[in-house]
Amino acid sequence: MASPFSGALQLTDLDDFIAPSQDCIKPMKVDRRPGSGVAKIHIEDDGSYFQVSQDGGMKKLEKAKISLDDCLACSGCVTSAETVLITQQSHEELRKVLGANKVSAAPDQQKLVVISVSPQSRASLAVRFQLNPTDTARKLTAFFKKIGAHYVFDTAFSRNFSLLESQREFVRRFRGQANPEQALPVLTSACPGWICYAEKTHGSTLLPHISTARSPQQVMGSLVKDFFAQQQRLTPDKVYHVTVMPCYDKKLEASRPDFFSQEHQTRDVDCVITTGEVSKLLEEEGVSLAELEPAPLDSLCSSASAQEPTSHRGGGSGGYLEHVFRHAAQELFGIHVTEVTYRPLRNKDLQEVILEREGQVLLHFAAAYGFRNIQNLVQKLKRGRCPYHYVEVMACPAGCLNGGGQLKAPDTPGKELLQQVERLYGLVRTEAPEDAAGVQELYECWLQGAGSERAGRLLHTSYHAVEKAGSGLSIRW
Amino acid sequence: MKDSLVLLSRILAHPDSRCWFLAWNPAGTLLASCGGDRSVRIWGREGDSWVCRSVLCEGHQRTVRKVAWSPCGNYLASASFDATTCIWKKNEDDFECVTTLEGHENEVKSVAWAPSGNLLATCSRDKSVWVWEVDEEDEYECVSVLNSHTQDVKHVVWHPSQELLASASYDDTVKLYREEEDDWVCCATLEGHESTVWSLAFDPSGQRLASCSDDRTVRIWRQYLPGNEQGVACSGSEASWKCVCTLSGFHSRTIYDVAWCQLTGALATACGDDAIRVFEEDPGSDPQQPTFSLTAHVPQAHSQDVNCVAWNPKERGLLASCSDDGELAFWKYQPSEGI
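Computed from a predicted model, the values in this text were never measured in an experiment.

**Concerning the pattern of salt bridges**
If you walk through the whole model with that rule in mind, you get 42 salt bridges over all chains. Salt-bridge contacts for E105 of chain B lead to K200 of chain A; the nearest nitrogen and oxygen are separated by 2.5 Å. Here the residue E105 of chain B occupies a position in the loop between β9 (94-101) and β10 (108-113), and K200 of chain A occupies one in helix α8 (residues 192-200), the pair thus bridging two chains. Judged by its relative accessible area of 6%, K200 of chain A falls in the buried class. A salt bridge links K348 of chain A to D182 of chain B; the shortest N-O distance between them is 3.5 Å. Here K348 of chain A is found in the loop between β11 (343-344) and β12 (350-357), whereas its partner D182 of chain B is found in the loop between β16 (174-180) and β17 (183-190) on a different chain.

Structure below.
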């Protein structure tokens, strides 16, 4: 089966993130029965295992399952990390939590289930069910609440923070170029496939360049587990935060130790399900999204209540290049850019944007999607020949709208399907992040100011070069 | 039959090490060898013997697995287990490493230049095949990263005249790739071998491809274009490849290399049973079902596994071979039926 992770992550060899350990710590439930003697195991033709007891009775044995959580808690697994991480179990995990909520009457056992949907996943679902983005958002809200979720949010809201932090950070780094730590180019950080690759290969070369701004998924993690939980008067571990994402790499991002709160023993994002897994959930419920009655949209704070989703300019991967470029042009050079012109280079996944004045290049930005373009960018950087000040890097060719977790259509060729998803994504009204309702308020009330220590802690993160494994077990013979 | 392939000379090319691969330059005047001693050696003729003209030992930190000359003969590429590929530029007798291609996750197993000289392909144990483009300033950029194989990719080779790339893998398949818009795509998968496919060779016309395998067979595949007379089914506008001949029962161990002479059409094989064999297509055999006969067999060509066989591109019948025993040997092939 072809790996669903991005090309960059596949080649990165996940085994380096999850090194094998001597023992598998997956707790095994052992039914100890007195005087049972030696058990015999019989394997049926269909591959199922039966334990044969001394009296000849057969008992079917359960397959040991390892979830993403187990694997990462363990620090290792003797089987290939990648196949273990391919988890169809994430939407099953969600079901487990929803199920536990229903069954358990005790209020202190209940979890508040929050689901944050990415605009890219929503666009993919909109195409599948032939709905406009607003109806898709409302019907998804209805669906998730029907199966037991309490709140449904849009990660376009948290993306406002990612974009604003990225804008501020670039201007700061550009101005502080004399300082060797303020390395240019700045490389975006929203794509976990890219981040894992960067940490693994040439860690020391690349990491100083990567933006410290958290991705929209992880900003939402902070918003939900810190701000929203407090508002609901709950501790963060009582909130179960699920995100709906267009790729599998986001599952790995949610599992990073940096996004785990030691204090509350809880992750900022507990579970990531892909667009495909949402489709599975709908199928399992026997529901077509189109048939559902739309529900009103939830919002994180009262001033942010709108009955229509909003989005950002600059393409389906978040618009980092577009926003940072326009902000930098204004802040650094007083130039107001109305329309950003993208110039394609050697292939359609590599584009550049230039700000010129009187023949002089002031800003030279680029967008590099897909592994081959990342490769070339990294090589240029290593040789000191990178002409860019800022690069938006995404692991998937064509960006997030084309992520590995997006819905496929058996009778529509991939290219055409992508165009449809891009079109529906682009139908959503865009607004500038600084103008988005609730954002400034949250900066003041929740973060206590844009440059504050809280903002630094909750909206930023750090990276760690992966050491080449020294453990004998990880040597490939 | 034994007399058809006669030993001319033997050289201990890579002492105390394996000699992994050989490549003749396009003019047929130089032979590059590479080995487990991390070096590349260039051999030239002096009278009747071959002497070492250069040793390129500073390029790699681990075994050099394959070498390949550019079509113009001025550059040599070396693929190494250290995960890099070096590009050497020839200046008279000197070779200078002008660039190192990085990016593969682990051991690079093969490198090959496209007939145009502008493209290079590499493949690796990381299961990927990379296509690189070189510009006027000798700068290399990665054009495509192909992840079609599911296991270690052992060999890549270009079609003699078209920009069509073939790869052989531990996943038992051969895959073909071509450019589509701004990327490369896998346009065919040849299944049939029952074990690792170690090497590939196109015939002089490029219409047929020979593959050799750990399953001890050589398979000949033929290209069928859409609308072909034989009625071979094609998918849309894509050519399809069919196995038209399987040479089995001749080799007692893994076949590590196959070489198709561009001058005579003779097929040479390098085998893990230390032998070298040569096959020729039977005159008058049906192009859709060709038959090949064994015309030469040297059982103890080397004292260990034969890793590579290479036909000289200009001198008919001149064959070079190399082995795990570190030796390089030159042979003269003279088929008794006088072709």
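**Structural notes on the domain arrangement of chain A**
Residue and element names in this part refer to chain A. Segmentation of chain A into domains returns domain 1 (37-63), domain 2 (81-159 + 215-312) and domain 3 (182-211 + 315-422). Its C-alpha centre places domain 2 at a distance of 27 Å from the equivalent point of domain 3. Across the contact, 23 residues belong to domain 2 and 22 residues belong to domain 3. Around 1700 Å² of area is buried between domain 2 and domain 3 when both sides are counted, 59% of it from carbon and sulfur atoms. Run the count over domain 2 and domain 3 and you get one salt bridge. Ionic pairing is found between R256 and E199, a salt bridge with its closest N-O pair at 2.7 Å. Where domain 2 touches domain 3, the interface holds 12 residue pairs in polar contact (both at pLDDT 80 or more). Listing elements by their share of the side of domain 2 that touches domain 3, those giving two or more residues are α5 (119-129), α11 (249-254) and α12 (275-285). In terms of residues, the side of domain 2 that touches domain 3 owes the most to one element, α5, which gives seven residues. Tallied by class, the residues present in the side of domain 2 that touches domain 3 amount to eight nonpolar, nine polar and six charged.

Criteria and thresholds
Residues numbered from 1 in each chain as written. Chains lettered and ligands numbered in written order. Predicted model: local features only at pLDDT ≥ 70, side-chain atom pairs only at ≥ 80, totals over all residues. Heavy atoms only, no water. Salt bridge = Lys/Arg side-chain N within 4 Å of Asp/Glu carboxyl O. Helix = DSSP H or I, 4+ residues; strand = E, 2+ residues; numbered from the N terminus. Buried < 20%, exposed > 50% of the residue type's maximum accessible area, 1.4 Å probe, protein only. Domains from an automatic or database assignment. Contact = heavy atoms within 4.5 Å. Buried area = accessible area lost by both parts, 1.4 Å probe. Polar contact = N/O pair within 3.5 Å; in protein donor to acceptor, adjacent residues only side chain to side chain. Nonpolar A, V, L, I, M, F, W, Y, C, P; charged D, E, K, R; others polar.

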